[in-house]
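One-letter residues, chain by chain:
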Amino acid sequence: MNSMKIYIAGPLCSEKERKFLEEIDKECKKLGFQTFLPHRDCGLYKDIEDIGKIAKKDVEEIYKCDLMIGVLNGICVGAGTAWEMGFMQALDKKVIGLKTDRKVNESIGEISAVILGNTEIVDSIEKLKEKLTEIKD
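This text gives an overview of the structure that appears in the document. (Residues numbered from 1 in each chain as written. Predicted model: local features only at pLDDT ≥ 70, side-chain atom pairs only at ≥ 80, totals over all residues. Heavy atoms only, no water.)

## Side note on the pattern of salt bridges
Where charged atoms from two side chains of opposite charge approach closely, those side chains can pair. Per the counting criterion, the structure on display carries 17 salt bridges. Where Arg40 meets Asp25, a salt bridge forms, and the shortest distance between an N and an O atom there is 3.0 Å. Taken together, the residues span a long stretch of sequence, with Arg40 in helix H2 (residues 38-41) and Asp25 in helix H1 (residues 15-30) at a distance of 15 residues. Taking the shortest distance from any N to any O, the salt bridge between Glu27 and Lys129 comes out at 3.5 Å. Residue Glu27 is located in helix H1, and its partner Lys129 is located in helix H6 (residues 125-136); the two are separated by 102 residues in the primary sequence. For Glu27, a relative accessible area of 12% translates into the label buried. Given the relative accessible area of 23%, Lys129 is considered partly exposed. Connected through shared salt-bridge partners, Lys5, Lys57, Glu61 and Lys64 make up one network. (Salt bridge = Lys/Arg side-chain N within 4 Å of Asp/Glu carboxyl O. Helix = DSSP H or I, 4+ residues; strand = E, 2+ residues; numbered from the N terminus. Buried < 20%, exposed > 50% of the residue type's maximum accessible area, 1.4 Å probe, protein only.)

And the structure:
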């Protein structure tokens with residue numbers, strides 16, 4: 001049994017975005033990984049009182065997780081996702097970027113050079129599964 005735990009980071013603003021993260025979560029679990037999914041495991045921001053609880057839990061989970069999948073879809077990488085990815089990398093933990101909406105070389109202006117220079121990026125769920133299988137084995 002694999003005891004590795006994956007933090008799944010990405011935009012949470014719309015139902016479509018959350019469903020995509022849940023699809024990634026499902027694939028990770030099929031491969032035997034444990035997961036942390038922020039909106040499932042600590043809730044969504046509803047009012048100002050939620051911020052402290054969410055921020056504390058997110059940081060605690062970054063320390064507990066072995067690797068992170070950061071979803072890079074959209075016009076710009078979300079501030080929360082970029083912060084989580086950077087913090088994970090500062091802890092010298094692996095981060096895999098996932099960008100399925102456009103080719104990475106067509107999105108250079110939308111993805112930070114720091115992210116591009118420090119993150120392996122895959123362009124499909126299938127390639128993500130292949131990468132996770134390599135890591136697991």
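## Comments concerning the packing of helix H3 (residues 50-64) against helix H4 (residues 79-90)
Close contact between H3 and H4 brings their axes to 10 Å; oriented N to C, the two are set at 40 degrees. Once H3 is placed against H4, the crossing between them reads as right-handed. Between H3 and H4, the contacting residues are Asp58, Val59, Ile62 and Tyr63 on the first element and Trp83, Glu84, Phe87 and Met88 on the second. Residues that form the contact of H3 with H4 fall into these classes: six nonpolar, no polar and two charged. (Axes fitted to C-alpha atoms, helices over the stretch in contact; angles between N-to-C directions. Left-handed = near helix turned anticlockwise from the far one by under 90°. Contact = heavy atoms within 4.5 Å. Nonpolar A, V, L, I, M, F, W, Y, C, P; charged D, E, K, R; others polar.)

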